[in-house]
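Geometric and topological summary
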Amino acid sequence: MQNRFWRIARRPEGTDFAAALELDEAPLAPLGTGEIRIRNSHLSMDAGTRMWLTDREDGYQPPLPLGIPMSGLVLGEVTESHADGFAPGDLVRAFGQWADVSTVDAVMSGAIVLDPTVTDRRAWFGPLGMNGWTALWGVEQTGAAKPGERVLVSAAAGATGILAVQVAKLLGCEAWGIAGGAAKCAYLTDELGIAGAVDYKAADVGGQLDAAGGFDIYFDNVGGDLLDQVLTRMNHYGRIAVCGLLADYTGGGRTSPREFDQVLMRRLRIEGFFSPDFMHEGPALTRRLRDWTEAGALVMPYDVTQGLENTLSAYAKLFTGGNIGKVIVELEA
Ligand SMILES: NC(=O)c1ccc[n+]([C@@H]2O[C@H](COP(=O)([O-])OP(=O)(O)OC[C@H]3O[C@@H](n4cnc5c(N)ncnc54)[C@H](OP(=O)(O)O)[C@@H]3O)[C@@H](O)[C@H]2O)c1
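Residues numbered from 1 in each chain as written. Predicted model: local features only at pLDDT ≥ 70, side-chain atom pairs only at ≥ 80, totals over all residues. Heavy atoms only, no water.

Some points on the site of the ligand
Around the ligand, the structure places 30 residues, and the nearest of them are Thr-160, Lys-184, Tyr-200, Ser-275 and Asn-323. At 2.8 Å, a backbone N or O of Gly-180 approaches an oxygen atom of the ligand. Tyr-249 places a side-chain nitrogen or oxygen 2.7 Å from an oxygen atom of the ligand. If you list the elements that add at least two residues to the shell around the ligand, you get helix H1 (130-142), helix H2 (159-170), helix H6 (246-249) and helix H9 (311-320). Considering each element in turn, the shell around the ligand owes the most residues, three residues, to H6. (Near = heavy atom within 4 Å. Polar contact = N/O pair within 3.5 Å; in protein donor to acceptor, adjacent residues only side chain to side chain. Helix = DSSP H or I, 4+ residues; strand = E, 2+ residues; numbered from the N terminus.)

Right, dumping it as structure tokens:
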């Protein structure tokens, strides 16, 4: 059987993914020991994967080599299994390929069999997946948020940020978000009911932040200039949980805060955190996130693009800001 997949042909410049990734086709190889075949129903678009495409050796993992299929989280049914614990028909999530069919080593890909009774399987990418774990871990563990504290989240209308502001609220904090544009800010305040939102694409971001008041925790998805703006407005003994550095991913340089001295002046703690480090806590995190989701207290809007051939435009939204919530590509069953 022929399988379509996105091949990494060149290193992307900025957000020009069309020049870097090519839709290719090849026959499926026979399944090896320990491998499973997944008919992908959904592909998860994750901003962090942009770092895997950049040729740098000091990242948290080596860059993906040229010529191979693009990797990412996938959801789908197992069609064939040479691995213990997986059977045809199982719904699974794994690090697979941007393809119609993923072939993965069950262990190396982190494949897990999912509860098929969850009504909307896309939740396994959002609140019940890596975005949910990251939001909860970053606010509660890295940010050490306590009830009554003021939490600010950047990229707050994206998948991770939307969950982080809601988790902060659920933990009894006053949640604020930073997002690009009035529509996103209105979504955060009017639909999610958070305390306030700062539009970083509007005029006078500093003035907007001053009006908001000081923050105890900054859940940062962006880095760059916004980090400088926030550093000078943190409360004493505040914590900055560094989740991501979106401003750097597409060639914006390296975040190097000009206002770093505020770490000393305000006795701040800055700490990066990374989901694979707390994968072992996944089931416990999922249980709490699932309770909130089923109670309607944690919501996720989905930005869905149909068809493998349209994957690149979906992916670009993460860097141009076209999405509210989780960006997903839905494939034909
Ligand atoms: N540490 C971890 O383990 C972990 C795990 C998952 C995700 N992450 C991080 O979480 C962040 C969000 O990732 P995601 O996959 O959930 O994507 P997402 O938030 O759904 O999409 C990214 C959003 O970021 C905003 N953005 C893009 N470039 C920006 C810039 N230069 N300045 C300000 N905002 C910008 C855009 O919204 P606007 O319209 O508001 O600009 C865009 O919608 C990334 O930094 C990612 O690396 C980290």
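Focus on the environment of Val-230
Summarising the element assignment, Val-230 is placed in helix H5 (residues 224-231). By relative accessible area, Val-230 is classed as buried at 1%. With 14 residues separating them along the chain, Val-230 and Gly-244 place their C-alpha atoms 15 Å apart. If we ignore the near neighbours within four places in the chain, the residues touching Val-230 are Leu-152, Ile-178, Leu-209 and Tyr-218. (Buried < 20%, exposed > 50% of the residue type's maximum accessible area, 1.4 Å probe, protein only. Contact = heavy atoms within 4.5 Å.)

Considering the packing of H1 against helix H8 (residues 282-294)
Between H1 and H8, the least distance of the axes is 10 Å, while the angle of their chain directions is 95 degrees. Comparing the axis directions of H1 and H8 gives the class roughly perpendicular. Residue-level inspection shows Gly-132, Trp-133, Leu-136, Trp-137 and Glu-140 of H1 in contact with H8, the latter providing Gly-282, Leu-285, Thr-286, Arg-288, Leu-289 and Trp-292. The class makeup of the residues in the contact of H1 with H8 is six nonpolar, three polar and two charged. (Axes fitted to C-alpha atoms, helices over the stretch in contact; angles between N-to-C directions. Parallel < 35°, antiparallel > 145°, perpendicular 65-115°, else oblique. Nonpolar A, V, L, I, M, F, W, Y, C, P; charged D, E, K, R; others polar.)

Some words on the side chain of Arg-233
Residue placement: Arg-233 occurs in the loop between H5 and strand E12 (234-242). Judged by relative accessible area, Arg-233 falls into the buried class, the value being 17%. A distance of 3.4 Å separates the side chain of Arg-233 from the backbone oxygen of Gly-206, its partner in a polar contact. Apart from the residues lying within four places of it in its own chain, the contact partners of Arg-233 are Gly-206, Leu-209, Asp-210, Gly-214, Phe-215 and Arg-266.

Notes on the domain arrangement of the protein
Taken domain by domain, the protein consists of domain 1 (2-126 + 301-330) and domain 2 (130-276). A separation of 28 Å is found between the C-alpha centroids of domain 1 and domain 2. The interface is formed by 24 residues belonging to domain 1 together with 17 residues belonging to domain 2. Summing the contributions of domain 1 and of domain 2, the shared interface buries around 1,600 Å²; its carbon and sulfur component is 61%. (Domains from an automatic or database assignment. Buried area = accessible area lost by both parts, 1.4 Å probe.)

What to know about the packing of aromatic side chains
Scanning the entire structure with this criterion turns up ten aromatic pairs. When the ring of Trp-98 is compared with that of Tyr-315, the centres are 4.9 Å apart and the planes differ by 80 degrees; the resulting orientation is edge-to-face. Remark: Tyr-315 occurs in helix H9 and Trp-98 occurs in the loop between strand E5 (91-97) and strand E6 (101-105); sequence separation between them is 217 residues. According to the relative accessible area criterion, Tyr-315 is buried, its value standing at 0%. When the centroid spacing of 6.5 Å and the interplanar angle of 25 degrees are considered together, the rings of Phe-273 and Phe-278 count as stacked. Assigned by exposure class, Phe-273 and Phe-278 land together as buried. Taken together, Phe-17, Trp-98, Tyr-315 and Phe-319 form an aromatic cluster joined through their ring pairs. We note Arg-150 situated over the ring of Phe-215; from NZ or CZ to the ring centre the distance is 4.8 Å. (Phe/Tyr/Trp six-rings, centres within 6.5 Å; stacked < 30°, edge-to-face > 60°. Lys NZ or Arg CZ within 6 Å of the ring centre and 35° of its normal.)

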